[in-house]
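Given next are the chains, with one letter for each unit.
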Amino acid sequence: MSETTTQIPDEKARIGAPSIPGFTEEGENLSPLNDSATSPLAGDSAKSHSHGGGEGVTDSSRAGRLTSFNVEDFPKLTGREEDWRFTPLKRIGGLHTAELTGKAPKVELTGSDNVSLRTVAADDAIRGNAFTPDDRVSANSWKYSNGAQVLTIPANAEDVKSVLRITGESLDPAAQHLIIVAEENSEAMVVIDHVGSAVLAQNIEFDVRQGARLRVVSLQAWESDAIHASSQQASVAKDATFKHIVVTFGGDLVRVNPSARFAGEHAEIELYGLYFADAAQHLEHRLFVDHAVPNCKSNVLYKGALQGKNAHTVWVGDVLIRKAAVGTDSYEANRNLVLTDGTRADSVPNLEIETGLIDGAGHASTTGRFDDEHLFYLMARGIDEKTARRLVVRGFLNEIVQQIGDEQLQERLTDTIEEELATTTL
Amino acid sequence: MSTLEIKDLHVSIDTEQGEKEILKGVSLTINTNETHAIMGPNGSGKSTLASTIAGHPRYKVTSGSITLDGVDVLEMSVDERAKAGLFLAMQYPVEVPGVTMTNFLRTAKTAIDGEAPKLRTWTKDVKEAMAKLKIDADFAGRNVNEGFSGGEKKRVEILQMELFKPKFAILDETDSGLDVDALKTVSEGVNRAQDDNQMGTLLITHYTRILRYIKPDHVHVFVDGRIAEQGGPELADRLEDEGYDRFLNVKA
Ligand SMILES: Nc1ncnc2c1ncn2[C@@H]1O[C@H](COP(=O)(O)OP(=O)(O)OP(=O)(O)O)[C@@H](O)[C@H]1O
Ligand SMILES: [Mg+2]
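Position labels on residues start from 1 in each chain and follow its written sequence. Chains carry letters from A onward and ligands carry numbers from 1 onward, assigned in written order. Given that this is a predicted model, residues contribute local features only at a pLDDT of at least 70 and side-chain atom pairs are listed and counted only at 80 or more, while totals for whole chains, interfaces and linings are drawn from all residues. As a convention, hydrogens and water are excluded, and side-chain values are obtained from all of the structure's heavy atoms.

## Points about the overall build of chain B
A run of DSSP states H or I qualifies as a helix once it reaches four residues; a run of E qualifies as a strand once it reaches two. Both are numbered from the N-terminal end. When helices and strands are counted, chain B shows eight helices and twelve strands. Each radius of gyration reported is based on C-alpha atoms, and the globular scaling rule is 2.2 Å times the count of residues to the power 0.38. Relative to a compact globule of 252 residues, whose C-alpha radius of gyration would be 18 Å, chain B shows 18 Å and is just as compact. Oriented by its inertia axes, the alpha-carbon framework of chain B measures out at about 60 × 40 × 40 Å. For every residue, the accessible area (1.4 Å probe, protein chains only) is compared with the maximum for its type, and the residue is labelled buried under 20%, exposed over 50%, or partly exposed between those bounds. Among the 252 residues that make up chain B, the fraction classed as buried is 54%.

Set out below in structure tokens:
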């Protein structure tokens, strides 16, 4: 512990339309990525399938990203695509090419009894209400999903707490589709708890209807051999709030893509994430907040810790404020805490603003080493090194844990963090 | 009685230009119940001495010794030194995000005492100590030093000193950045710890003002990594009038 602080801040101040000189109604693209060449995935099909607003937008924009129900519309992956460039395709278990006919993980529902879980056929009209695959793996999952499981939270239900335990029992590549419908003015918390072993391409859609308040915790507590690509899309109606918390600890390669689209005014989206990558783990989170309508609010905060050789985390935060989305207030941040040498944290905030008439928009990304000055301060008060490290890391991640709002689950996560820390060899 | 003894201490740091010697032979003996003031120009090595005693890894002791009642302090890890009864109130207390004061104070107290404090009395002790130092009760729920003003950080250092009851406290410019009232409040805290625990004090300061409240038995003038002169309280007044020119000229 000879280094002092090595925080590498890349903070950009919050920006609001009125205070920014040279910031026009045309908006601005703050993305460091979009200076680069045209995305290989965009094209004619991108426009015809995108969720509106795609026309006339440059192809490198998130608005121009190809979306399609047909896997053949997506070119074969090379690993050079914008949305795959960090993912080791060799380790993805063929989810982008294979026939996903393996046994899908078991789904068990516990908790409140005023909800219903039913299975619908692959051609049921409910599929895709709030979902369109936006990458090849997700489209492949769509193709091979043998129907879907639908959890419905009835209108006006209060205090619903449901747990969907997803237990993987096979390493044959499989597909799975879950649908969660939060009906009008319902209030619910749904935990999607992934355990066991699986090679899984998963699509989850959240239909958050008018005035509903839905909180989702997607917990990836897989065994260490699991491979999991999960596309989680939400459509958030007028006056609704959607709070999505991703917690990723387990698995060999986990790639979760939460995407949330405002479908009505005065809605609120909060996306939180917590990940802890150990040696050789690849944990990737790519989120997308689509401000397509006026007067909505979004907030994104992902925090991760990395330890051990070749622990790799990827965070990409796409926030798109479309021309129509005046009065938007949006902020996204990613913070990584590097505990040992030999890890790699990629962090790319990507904010596109097509209108200047917003309340505020901002992004931040920091990746810092464990700060030895923190350690010195705590140790100078008699606290041993191990405890001091634990205090700091727990404190760092606790901000997300606290968002969960369920004591039992919070305790389980705190314990998991402790276990992860206990394996640290420093 | 306990004794903290520093003998011919040489300390270097690694800089981009190579190793640089900061302390060039410092000797100093402090007993419990004694107050020693250290004064000296900026950059003369006062904080280096303080941090070296506490065991900051940046400072390399190249020769000399530090002992506490004959036991080698340099052999101890940072936390062991704190447990042995040494306390450093830092010139720039560090912000520790995500760790609440309450959690921090209890964890530290447990570590220093070797057992968890009785919850009931501990909570009461903390509250009372905070009140005496005029620290608002809601600081307990805030993260360690995070967003505290300069003066608030200093007060919280003294709060810790009162709660952890060290044998020796090194106060590195604790008076800098304190308003007139806070200076009094903090000084009273130091005096309490001295009276209650026979604490020995090494007080690093630029100003004689604090010495009106915390009376030094000895004053040491620190210049260029050495003690250039020692004396009683009157030396401090002389320094205030004359500055350090006298010592700097001698050197040149
Ligand atoms: N990392 C470093 N690289 C180079 N020089 C350093 C480093 N750290 C400390 N020093 C130098 O060591 C010398 C002693 O510093 P120190 O902080 O001990 O002084 P001080 O007496 O406490 O000063 P002040 O009254 O300003 O607090 C200074 O000249 C300082 O610039
Ligand atoms: Mg100093």
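Still to come is the rest of the account.
## What to know about the overall build of chain A
The secondary structure content of chain A amounts to five helices and 17 strands. Burial statistics for chain A: of 426 residues in total, 62% are counted as buried. By the convention used here, residues are in contact when the closest approach between their heavy atoms is within 4.5 Å. Considering only residue pairs separated by 6 or more positions, chain A has 86% of its internal contacts joining residues 24 or more positions apart. Summed over its atoms, the accessible surface of chain A is roughly 15900 Å², and 46% of this surface lies on carbon and sulfur atoms. The accessible surface values rely on the Shrake-Rupley method and a 1.4 Å probe; as for residues, cover is taken only from the protein chains in view.

## Quick look at the coordination of the magnesium ion (ligand 2)
Residue and element names in this part refer to chain B. Within the protein, S47 (OG) and Q91 (OE1) serve as the donor atoms for the magnesium ion (ligand 2), at 2.0 to 2.2 Å. Here S47, found in helix α1 (residues 46-54), pairs with Q91, found in the loop between β6 (86-89) and β7 (96-100); they are 44 residues apart in sequence, far enough to count as distant. The exposure class of S47 is partly exposed, given its relative accessible area of 24%. Classification of Q91 as buried rests on a relative accessible area of 18%. A donor here means an N, O or S atom no more than 2.8 Å from the metal, or no more than 3.2 Å when the metal is Na, K or Ca. Since water is not included, a site may seem to lack partners.

## Some words on the pairing of strand β17 (residues 360-369) of chain A
Residue and element names in this part refer to chain A. In terms of burial, β17 is a largely internal element, nine of the ten residues being buried. Sheet analysis places strand β15 (residues 329-338) next to β17, joined by ten bridges and oriented parallel. When the bridges of β17 are listed, R335 appears paired with T366. Only strands that DSSP links by at least two bridges are regarded as paired with each other.

## Overview of helix α3 (residues 101-113) of chain B
Residues and elements named next belong to chain B. Spanning 13 residues, α3 covers 18 Å between terminal C-alpha atoms, matching the ideal 18 Å at 1.5 Å per step. Among the residues of α3, M101, F104, L105, T107, A108, K109 and I112 are the ones counted as buried. One or two positions beyond α3, positive phi appears at G114, with a value near 80 degrees. Given a helix with a known number of residues, its expected span is that number minus one, times 1.5 Å.

## Comments concerning the environment of A234 of chain A
Residues and elements named next belong to chain A. Within the fold, A234 resides in strand β8 (residues 227-236). The sequence separation of A234 and A122 amounts to 112 residues, and the corresponding C-alpha distance is 19 Å. In contact with A234, not counting residues within four places along its chain, are F206, F242, S259, A260 and R261.

## Some points on the packing of α3 of chain B against helix α5 (residues 150-164) of chain B
Residues and elements named next belong to chain B. Contact geometry of α3 with α5 gives a least axis separation of 10 Å together with a crossing angle of 35 degrees. Crossing geometry of α3 relative to α5 is assigned as right-handed. In this structure, α3 uses M101, F104, L105, A108, K109 and I112 to contact α5, whose residues at the interface are V156, L159, Q160, L163 and F164. An axis is simply a line fitted to the C-alpha atoms; with a helix, the fit covers only the stretch in contact. Between two such axes, the angle follows the N-to-C directions and lies from 0 to 180 degrees. For any pair of crossing helices, the crossing counts as left-handed if the nearer helix is rotated counterclockwise from the farther one by less than a right angle, and right-handed if it is rotated clockwise.

## Some thoughts on the side chain of N257 of chain A
By the secondary structure assignment, N257 of chain A is in strand β10 (residues 253-262). With residues near it in sequence (within four places) discarded, N257 of chain A still touches D135, S230, S231, Q232 and R286 of chain A.

## What about the pattern of salt bridges?
For this document, the term salt bridge refers to a Lys or Arg side-chain nitrogen within 4 Å of an Asp or Glu carboxyl oxygen. Taken as a whole and judged by the stated rule, the model has 35 salt bridges over all chains. Taking the shortest distance from any N to any O, the salt bridge between R344 of chain A and D346 of chain A comes out at 2.8 Å. For R344 of chain A, a relative accessible area of 45% puts it in the partly exposed group. Note that D113 of chain B and K109 of chain B form a salt bridge whose closest N and O atoms lie 3.3 Å from each other. Pair noted here: D113 of chain B and K109 of chain B are both in helix α3, with a separation of four residues, about one helical turn. A single salt-bridge network, built from bridges that share partners, covers R62, R65, D83, D134 and D318 of chain A.

## Quick look at the interface of chain A and chain B
Contacts between chain A and chain B engage 19 residues on the former and 31 residues on the latter. Throughout, the accessible surface (probe 1.4 Å) given up by two parts as they are put together, summed over both, is called the buried area. A buried area of about 2000 Å², summed over both sides, lies between chain A and chain B, and 71% of it is on carbon and sulfur atoms. On the chain A side of the contact with chain B, F376, Y377 and R381 of chain A bury the most area, a combined 38% of that side's loss. For the pair chain A and chain B, the number of links is two salt bridges. In this structure, R381 of chain A and E157 of chain B form a salt bridge, with 2.7 Å as the shortest nitrogen-oxygen distance. Under the rule applied, a polar contact is a pair of N or O atoms within 3.5 Å (in protein, one hydrogen donor and one hydrogen acceptor; residues adjacent in sequence only if both atoms are side-chain atoms). In this structure, the connection of chain A to chain B is made through nine residue pairs in polar contact (both at pLDDT 80 or more). Elements that contribute at least two residues to the side of chain A that touches chain B include exactly α3 (372-379) and α4 (385-401) of chain A. Partitioned by chemical class, the residues of the side of chain A that touches chain B number ten nonpolar, five polar and four charged. Put simply, Ala, Val, Leu, Ile, Met, Phe, Trp, Tyr, Cys and Pro go in the nonpolar bin, Asp, Glu, Lys and Arg in the charged bin, and everything else, Gly too, in the polar bin.

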